[in-house]
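Chain by chain, the residues run as shown.
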Amino acid sequence: MQSQKNNFSFTGSGGEYFRIWIVNLLLTIITLGIYSAWAKVRRMQYFHRNTWLNGSSFDYHGTPMAILKGRLIAVGMLVADNVVIEIKPMGGLVIRALIMIVMPVLLVKSFRFRLFNTSYRGLRFGFGGSIKAAYMNFLALPLLSLVTLYLLAPFTHQRIKAYQVNNSRFGQTSFAFGAGAGSFYKVY
């Protein structure tokens, strides 16, 4: 099998991005953070549409309202945590445990949103990772890593990356992650 050379290029410029960034920043400050969802869409579209592969650019299709809803959920969780921990510290521990329990589900939803809203040549990316595997990789393994005084941290990191990549796809074509835990231990 002959290897195909893929040519990536980026056609944006620092000045062009600075103008987008400064407008996004000012509007986000003026709207007390609400505009940040629209700013993210503008930023993602700028980077995607200026990233080219073999003569075609990527595109981003995310909507600001969907991003804003996700951010409101995150802010709600943080506010609940801060309020409850001030009123009843033990209740704060319960809230943090609940956040840990829902975090793998939210991460899977985030991966699905990000990839589904990215396309190349009109074909969307996707994410098919299971919630059960997310709990193993984003909750069980990190807790086990903590218990082992981080001796399992490189293994956990490798499993998280393998979960993300192996469950991602372009159209119907799946990605594959080939780095083993040993290579992560070498880097750590």
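Summary of the structure given here. (Residues numbered from 1 in each chain as written. Predicted model: local features only at pLDDT ≥ 70, side-chain atom pairs only at ≥ 80, totals over all residues. Heavy atoms only, no water.)

## Points about the packing of helix H3 (residues 64–87) against helix H4 (residues 89–116)
Look at H3 against H4: their axes get within 8 Å of each other, and the N-to-C directions meet at 165°. By the angle between their axes, H3 is roughly antiparallel relative to H4. Viewed along their axes, H3 and H4 form a crossing whose handedness is left-handed. Across the interface between the two elements, Ala66, Ile67, Met77, Ala80, Asp81, Val84, Ile85 and Ile87 from H3 touch Pro89, Gly91, Gly92, Ile95, Arg96, Ile99, Val102, Met103, Leu106 and Phe113 from H4. (Axes fitted to C-alpha atoms, helices over the stretch in contact; angles between N-to-C directions. Helix = DSSP H or I, 4+ residues; strand = E, 2+ residues; numbered from the N terminus. Parallel < 35°, antiparallel > 145°, perpendicular 65-115°, else oblique. Left-handed = near helix turned anticlockwise from the far one by under 90°. Contact = heavy atoms within 4.5 Å.)

## What about the packing of helix H5 (residues 131–147) against helix H6 (residues 153–166)?
Two elements in contact, H5 and H6, have axes whose closest approach is 9 Å; the angle formed by their N-to-C orientations is 170°. Taken together, the axis directions place H5 and H6 in an arrangement best described as roughly antiparallel. The residues of H6 that touch H5, namely those facing Ala133, Ala134, Asn137, Phe138, Leu141, Pro142 and Ser145, are Ala153, Phe155, Thr156, Arg159, Ile160, Tyr163 and Gln164. In terms of residue class, the contact of H5 with H6 is made up of nine nonpolar, four polar and one charged. (Nonpolar A, V, L, I, M, F, W, Y, C, P; charged D, E, K, R; others polar.)

## Quick notes on the pairing of strand S5 (residues 123–127)
Two elements, strand S4 (residues 118–120) and S5, share two bridges in a ladder whose sense is antiparallel. Within S5, the position partnered with serine 119 by the bridge is arginine 124. Hairpin connection between S4 and S5: a loop of two residues separates the two successive antiparallel strands, and arginine 121 in this loop has a positive phi of roughly 55°. (Pairing = 2+ DSSP bridges.)

## A few points about unusual backbone geometry
A positive phi is found at arginine 121, a non-glycine position, where the angle reads about 55°. Tracing the backbone shows arginine 121 in the loop between S4 and S5. Accessibility expressed as a relative area gives 53% for arginine 121, which makes it exposed. Backbone geometry at tyrosine 150 places phi at a positive 70°, although glycine is not the residue there. Within the secondary structure layout, tyrosine 150 lies in the loop between H5 and H6. (Buried < 20%, exposed > 50% of the residue type's maximum accessible area, 1.4 Å probe, protein only.)

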